[in-house]
Amino acid sequence: MTQNPFHLISGKAALAGVIGWPVSHSLSPALHGYWLAKCGIDGAYVPLGLPPERFEEAVKAIPALGFKGFNVTIPYKERILPLLDRVDEAARRLGAVNTVTVTEGGALHGSNSDGFGFTEAVSEARPGWEKAVTRALLLGAGGAARAVAFALQGKGVGHIIVSNRTEMRGKDLAADLVRLGVSCGVAPFPPRPEDLAGADLVVNTTSLGMTGQPPFEMDFKGLRPHALAADIVYNPLETVFLAGARAQGLATVGGLGMLLHQARAGFKLWFGRDPDVTAEQRTLLEGMMKP
Ligand code: ATR
């Protein structure tokens, strides 16, 4: 990648951004800004805080402003759907969009790269994992769980157990996975040792462990020693869940990787390059997250 330490942008700069409310805590401008500078691209990625009462008006104005596209974050991942001209199948199945492209004609095309981000982050930690993982235990059944579950299905993981606090929600997700051909079961939350016994991968997709939420004190006993434990929580970077897994001798995947890798999809669509996630970039973002 070409180094452009000053990241000068011209009047012709390609524009992208992230819409959300609030958006001030988003790491996306920094992580895209890093790639723009590294790749020497004449472009900018900006935070777009859209207050709820002006959301529709602002989204409709984005093509006229010349943006190539944008990411969508909380609380608009579902609310954006009716404003889009086309939504790809994966995003439609999730009912959530995190990446939008503006076409030459000004149409808005939505997709969702969260699942891609998750599987790429696992690949970074353990290349070729999909050949070894036949059975996964999914903790949670919300929007993030759906993105991870469908991505695992896409990678050929044939058996998924869903462990969720609200049993009905877990059963709904399991039923959707069965329709996609995955052999699926539900387990109580938290899972019992027998629910962990055959799993090659266990993923926390609940909000437990996020800053402001109670920690997730998971008992990993029963998991096979080769199993991977992944947490999609990245704030804080080091969660009680990850520390507990490591204490059991398990390999772990933290949540920052998913954030970084999901961003690659949008960057490629808007700026034309599939950028590398680097250790330097991680360190810079980790530094920004320190209180
Ligand atoms: P997201 O879209 O980020 O996944 P969500 O749809 O609100 O957010 O889902 C949050 C997940 O965390 C759900 O699986 C939720 O369990 P319920 O379906 O029972 O609500 C789980 N979760 C949140 N707080 C929890 C807690 N204190 N204990 C266990 N699970 C919790």
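Since the model is a prediction, treat every value here as computed from it, not as a measurement.

A short note on helix H6 (residues 143–154)
And then number 1: When the terminal C-alpha atoms of H6 are compared, their 17 Å separation across 12 residues agrees well with the 16 Å that a helix rising 1.5 Å per residue should span.
And then number 2: Positioned one or two residues after H6, Gly-156 has a phi angle of 90°, which is positive.

Here's the deal with the sheet that holds strand S3 (residues 67–72)
And then number 1: Taken in spatial order, the six strands make up an open sheet running S2-S1-S3-S5-S6-S4, and their pairing is mixed. One side of each edge strand has no neighbouring strand; the edge strands of this open sheet are strand S2 (43–49) and strand S4 (86–87).
And then number 2: Across two bridges, the pairing between S4 and strand S6 (residues 108–111) is parallel. Paired with Val-87 across the strands is Gly-110, a residue of S6.

Focus on the sheet that holds strand S9 (residues 183–187)
Hydrogen bonds between backbone atoms are what pair the strands of a sheet, whose relative direction is either parallel or antiparallel.
And then number 1: Read from one edge of the open sheet, six strands run S9-S8-S7-S10-S11-S12, paired in parallel fashion. Both edges of this open sheet fall to S9 and strand S12 (251–253), since each of them pairs with a single strand only. When strand polarity is set aside, the average angle formed by the axes of neighbouring strands in this sheet is 20°.
And then number 2: Relative to strand S11 (residues 228–231), strand S10 (residues 201–204) runs parallel, the two being bridged by four bridges. Counterpart to Asn-204 in the pairing with S11 is Asp-231.
And then number 3: The strands touched by helix H4 (residues 114–125) within the sheet are S10, S11 and S12, with S12 carrying the most contacts at an inclination of about 145°.

Overview of the site of the ligand
And then number 1: Taken together, 13 residues surround the ligand, and among them Ala-141, Asn-164, Arg-165, Thr-166 and Arg-169 come closest.
And then number 2: A distance of 3.0 Å separates an oxygen atom of the ligand from a polar atom in the backbone of Ala-144.
And then number 3: Within the backbone of Ser-207, an N or O atom sits 3.3 Å from an oxygen atom of the ligand.
And then number 4: Relative to its free-state accessible area of 640 Å², the ligand is covered by the protein chains to the extent of 71%.
And then number 5: Its residues assigned to classes, the shell around the ligand comprises four nonpolar, seven polar and two charged.

Some thoughts on the packing of helix H10 (residues 256–271) against helix H11 (residues 279–289)
And then number 1: Between H10 and H11, the shortest axis-to-axis distance is 12 Å and the interhelical angle comes to 120°. For the element pair H10 / H11, the angle class is oblique. Seen from above, H10 lies across H11 with right-handed handedness. Contacts from Leu-256, Gly-257 and Leu-260 in H10 reach Gln-281, Arg-282, Leu-285, Glu-286 and Met-289 in H11.
And then number 2: Class assignment of the residues belonging to the contact of H10 with H11 gives a composition of four nonpolar, two polar and two charged.

Cut-offs applied
Residues numbered from 1 in each chain as written. Predicted model: local features only at pLDDT ≥ 70, side-chain atom pairs only at ≥ 80, totals over all residues. Heavy atoms only, no water. Helix = DSSP H or I, 4+ residues; strand = E, 2+ residues; numbered from the N terminus. Expected span 1.5 Å × (residues − 1). Pairing = 2+ DSSP bridges. Axes fitted to C-alpha atoms, helices over the stretch in contact; angles between N-to-C directions. Contact = heavy atoms within 4.5 Å. Near = heavy atom within 4 Å. Polar contact = N/O pair within 3.5 Å; in protein donor to acceptor, adjacent residues only side chain to side chain. Areas by Shrake-Rupley, 256 points an atom, 1.4 Å probe, with all protein chains shown as cover. Nonpolar A, V, L, I, M, F, W, Y, C, P; charged D, E, K, R; others polar. Parallel < 35°, antiparallel > 145°, perpendicular 65-115°, else oblique. Left-handed = near helix turned anticlockwise from the far one by under 90°.

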